[in-house]
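The chain contents come next:
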Amino acid sequence: MKNRVICLLTIILILISFFFIYPVNAQTNKVIRVWGSEITRENDVLRNIAESYKEKTGTDVLIVDRRSLFDAPKDLINNAQTQERPDIVMIQHADIGDLAVNGFLMELDFSESIKSAFDESAFTSFEVNDRQFGIGYSVETYGLVYNKDVISYDQISDLTWDEFFEFSKNFGTIEHKGSQMKAFILNPKNMYFMYPIIRNYGGYYYGFDEEGNYNPYDIGLNNEGSKIYVNKIKELMQFDLVVRSRNCTDNDVSAAFANNQSAMIINGFWQNSFYTQKGVNFGFAPLPKNNDNTTSAPYATINGFVINAHTNFPDEAIAFLEFLCKDENQQKMIEAGNNFERKIGSRFPVNLSVQQSKYITSEPMYNVMAQICKNVEPVPNIPEGDIWYNYTDKAYQSIFYGDINGNPLDSDNMLDELASAILNDVRKMNVQVEKVDISLWGYIFLGSFVVIGLGILVITIIRKRKKFSASANRIMLRATTISYVVLLPIIGLIGIFYVFPIVHNIYLSMTNYSSLNLVDYVFVGGYNYKTIFIEGLNGFVAMFLWTIIFAACVMTSTFILGTLLATLLEKRNATIAKIYKMIFILPWVIPSVIMLLTWQGILATDGGALNNLLNILGFGKVMWLDNPYLARLSTIFVVSWMGTPYYMFLALGFLKSIPKDYYEAAMIEGAGSVRVFFTITVPIIFRTLLPTLIMGFIMQFNNFGVYLLTSGGPFGSNLGAPGATDLLITYVYNLAYNTKNYSLAAAYSVIIFVFVAAFSLITMRISNKKFNEGK
């Protein structure tokens, strides 16, 4: 009776839980949901505008604070048709390509009065394949930041690029505030800042088709204009107008300006507070003109608004968006985004009235930026638009600084390889894989396979039941039934959060799921696995072997060193041992992100703490993270250093359980400490910790933290190939998020899953067999 009551109560609780999981939807009033930005003041002004709109129309508008505009694309994909779906979304224009192609954005048609109130870039930036999907609100771009104590605006405001470079070369080197100052310094690896210069000489990223749309198959990064650009930069390198190290970044360029080592740099307003803090009297000027005296157009990102194609209130969403486009509302939003009178430079308007307002024109630098914003080139917003991020930095690094050993490479060949790598990714993104239709016989085969599996399971259970009497079977059946009913919620959760993702991932690996097929993806069979094992076999095998070697080396070193430290501590005075334990545990208790970034700074080739120490001692710098072999050794060392304390404490707990007779017998036989350690301590601790070591191997096999230390590099001369320290898991990450080929990434993850599962089952079976033999 008691068991029946428990069973009944469990069923009732399950039914109640389903009732709460799937509540009845109540009929609600119309509410326009707007996803704002990460700037609280801007969202507060949006709420004020929404209140004003409600007073005029009676329509409620809810403003939702967001963590970052970068999250808007994936969050819209995941929430476009949920109850919490947004109607209007603030987003960067470069992120709309995938959304537009997959039908997540509503096509818009703005009135002539709205079009005449904004710069053309507000509309062209949100246009995909001649269809309008949004409207721009603010621009993020850059210009020429200059030191007003050394350079005057008039000196640089009317120069062409060639005249500007000549001016910088003739400037030479002067002393300013105790520092040796050059006229100008740039980072040639960053195509975002270098693009106006590339365009000046005739190079380009993507060309345009006859309708004026981007043509991703027309790549101009290896044409004659791009070659002229490369030669010009190499000429500037001879005058120290380019960062000296292959590892320098834009932060180093900003630091050079802030520390009075450069009189001018190309940058936006992002570092203004840093320059002010360093006491630099700086100003802002437009970029030099093109050599044909036309205005240079810097790359720009446009923040704006789009409407969810799945909104329940399309007319109301359009009406509120048009209300936001009013001049007075644009003014309020721009001022709030810039923190009002503090003018921090977060937002620059594309609305013409705001550009001409006193708020903008009264501040010289803002006025200059407003003029720059009138002639910008929005970064491509098509799905293939961001492919260049994956290759240009590495390609230009090799072109201007040579290979890892500093040996010069042929620039023309590298430019051709750069263009080929981008074109190859474009083709992969647009490949049309033939849909595989499963025939009736296929379904029959799959059904038969499932039936046979279930039949084997039933027969196994029946055979086990025959060993017991009928009454015993009834008792066991009742107990089993009650147990499964009680465990049903847990089984359901395991199915939802473990089994379903695995099955769904296997299914995705057999589809053409990608950024171009987020919704209408189809079954393509083993196409992705064929791509891995045939087209990319060499790279896959090398990366797979390195992943195994990495995991094995880390686990071996952490186990041996951990056990050794535990053995040494066991022999020490209790008080001293406690002190050493506190010291040794630090690498393990400090968050791994902090430790990996710290080691990255220590091992950096230029300015790293270890190389600085070696320089003091009279040694040259060592490329710890820039040489493929040293990078791998450094990676194994750092990860082992972080994991050793864990195994040290595990070993400490089992050392006391080892009989002293083993050690005494070994000493009588004349064995030394080293032999005793490797023949008695290590084998016993190994057998005890074997399940933990297996789990540790799996964790290291999927150790994503390595990416924080080396970013997968150093990279070889072949663009797109895995880096020297890329593990399978980091390569899958790059594949999924850089090339957006999600189905191929899913296929890689299935291979990882199969290997890890097989490894776990085999090793556990062997360990169990040895354990039973030991009995």
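Residues numbered from 1 in each chain as written. Predicted model: local features only at pLDDT ≥ 70, side-chain atom pairs only at ≥ 80, totals over all residues. Heavy atoms only, no water.

### Here's the deal with helix H9 (residues 191-200)
- With respect to burial, H9 is a largely interior element, 9 of its 10 residues being buried.
- Of all the positions in H9, only Met191, Tyr192, Phe193, Met194, Tyr195, Pro196, Ile197, Ile198 and Asn200 are classed as buried.
- Capping of H9 at its N-terminal end is provided by Asn190; its side-chain oxygen lies 3.0 Å from the backbone amide nitrogen of Tyr192.
- Backbone geometry just after H9 places Gly202 at a positive phi near 105°. (Buried < 20%, exposed > 50% of the residue type's maximum accessible area, 1.4 Å probe, protein only. Helix = DSSP H or I, 4+ residues; strand = E, 2+ residues; numbered from the N terminus. Polar contact = N/O pair within 3.5 Å; in protein donor to acceptor, adjacent residues only side chain to side chain.)

### Some remarks on the pattern of salt bridges
- All chains considered together, the criterion is met by 22 salt bridges.
- In this structure, Asp44 engages Arg47 in a salt bridge whose closest nitrogen and oxygen atoms are separated by 3.0 Å. Here the residue Asp44 and the residue Arg47 both occupy positions in helix H2 (residues 40-57), the gap between them amounting to 3 residues, near one helical turn.
- Where salt bridges share partners, they join Asp162, Glu166, Lys169, Lys232 and Glu235 into one cluster. (Salt bridge = Lys/Arg side-chain N within 4 Å of Asp/Glu carboxyl O.)

### Section: the packing of aromatic side chains
- Scanning the model with the defined rule gives 53 aromatic pairs in all.
- Centre to centre, the rings of Phe257 and Tyr275 are 5.0 Å apart; their planes meet at 75°, and the pair counts as edge-to-face. You can see Phe257 sitting in helix H11 (residues 250-258) and its partner Tyr275 sitting in helix H12 (residues 272-277), a full 18 residues away along the chain.
- Overall, Phe257 belongs to the buried group, its relative accessible area being 0%. (Phe/Tyr/Trp six-rings, centres within 6.5 Å; stacked < 30°, edge-to-face > 60°.)

### Describing the pairing of strand S10 (residues 204-208)
- A large share of S10 lies buried, amounting to 4 of its 5 residues.
- With 4 bridges connecting them, S10 and strand S11 (residues 214-220) associate as antiparallel partners. For Tyr204, the partnering residue across the bridge sits in S11 and is Gly220.
- Between S10 and S11, which pair antiparallel in sequence order, lie 5 residues; one of them, Gly212, sits at a positive phi of approximately 85°. (Pairing = 2+ DSSP bridges.)

### Here's the deal with the confidence of the model for the protein chain
- Mean pLDDT over the protein chain: 88, with 93% of residues reaching 70 or higher.
- Note on residues 18-27: pLDDT is under 50 here. Beyond four places in sequence and across chains, it has 1 contact. (pLDDT = per-residue confidence, 0-100. Contact = heavy atoms within 4.5 Å.)

### Points about the sheet that holds strand S8 (residues 173-176)
- What the 5 strands build is an open sheet, ordered S8-S9-S12-S7-S13; its pairing is mixed. In this open sheet, the two strands that pair with only one neighbour each are S8 and strand S13 (282-285). Across the sheet, the mean angle from the axis of one strand to that of its neighbour is 35°, orientation sign disregarded.
- Judged from the 4 bridges that link them, S8 and strand S9 (residues 179-184) form a sheet pairing that is antiparallel. Directly across from Thr173, in S9, lies its bridge partner Lys182.
- In the packing of helix H8 (residues 161-171) onto the sheet, contacts are made with strand S7 (143-147), S8, S9 and strand S12 (262-267), and the angle to S9 comes to roughly 160°. (Axes fitted to C-alpha atoms, helices over the stretch in contact; angles between N-to-C directions.)

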